[in-house]
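The residues making up each chain are set out below.
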Amino acid sequence: MPSFRDRWDILALASNHLTLGEDIQIAELAAETFGASAAQLTSLCREAVFAALDDSPDARYVNKANFSIALGQ
């Protein structure tokens, strides 16, 4: 499984094309996803986008609430 630094790098890469809300901290997400694989982290970013679009079809950014939904919290 990826280390904290690896998860941080994977999340940063998977989210680099997203507009993230000011409440998103990649380090916090990396800490919350201990044990996740690279594929799961990439999927997490995609699911957060879907959550943002479910919330509002005109969503302009992905926020912490969207990532919380994607994490199943």
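Remember, it's a predicted structure, so these values are computed and weren't measured experimentally. (Residues numbered from 1 in each chain as written. Predicted model: local features only at pLDDT ≥ 70, side-chain atom pairs only at ≥ 80, totals over all residues. Heavy atoms only, no water.)

**Notes on the packing of helix H1 (residues 4-14) against helix H3 (residues 38-55)**
Stage number 1. Between H1 and H3, the shortest axis-to-axis distance is 9 Å and the interhelical angle comes to 40 degrees. Here H1 lies oblique to H3, going by the angle between them. Viewed along their axes, H1 and H3 form a crossing whose handedness is right-handed. When H1 is examined against H3, the residues Arg7, Ile10, Leu11 and Ala14 are found in contact with a partner set consisting of Ala38, Leu41, Thr42, Leu44 and Cys45. (Axes fitted to C-alpha atoms, helices over the stretch in contact; angles between N-to-C directions. Helix = DSSP H or I, 4+ residues; strand = E, 2+ residues; numbered from the N terminus. Parallel < 35°, antiparallel > 145°, perpendicular 65-115°, else oblique. Left-handed = near helix turned anticlockwise from the far one by under 90°. Contact = heavy atoms within 4.5 Å.)

**Quick word on H1**
Stage number 1. Considered for burial, the residues of H1 that qualify are Arg7, Leu11 and Ala14. The buried side chains of H1 occupy one side of the element, clustering within an arc of 65 degrees when seen end-on. Those residues of H1 that are exposed and angled more than 90 degrees off the buried face are Arg5 and Leu13. (Buried < 20%, exposed > 50% of the residue type's maximum accessible area, 1.4 Å probe, protein only. Arc of directions from axis to C-beta.)

**Here we look at empty space enclosed by the protein**
Stage number 1. This structure, assessed with the given rule, holds 1 cavity of 30 Å³ or more.
Stage number 2. Quantified by volume, the largest cavity comes out at close to 60 Å³.
Stage number 3. Forming the boundary of the largest cavity are Asp23, Ile24, Gln25, Glu28, Leu29, Glu32, Lys64, Phe67, Ser68 and Leu71.
Stage number 4. Of all the secondary structure elements, the ones that give two or more residues to the lining of the largest cavity are helix H2 (26-32) and helix H4 (64-70).
Stage number 5. Its residues assigned to classes, the lining of the largest cavity shows 4 nonpolar, 2 polar and 4 charged. (1 Å grid on protein atoms, 1.4 Å probe; cavity = no way out; pocket = protein on both sides within 12 Å on 5 of 7 lines; lining within 4 Å. Points joined across faces, edges and corners; volume = space filled by probe spheres on them. Nonpolar A, V, L, I, M, F, W, Y, C, P; charged D, E, K, R; others polar.)

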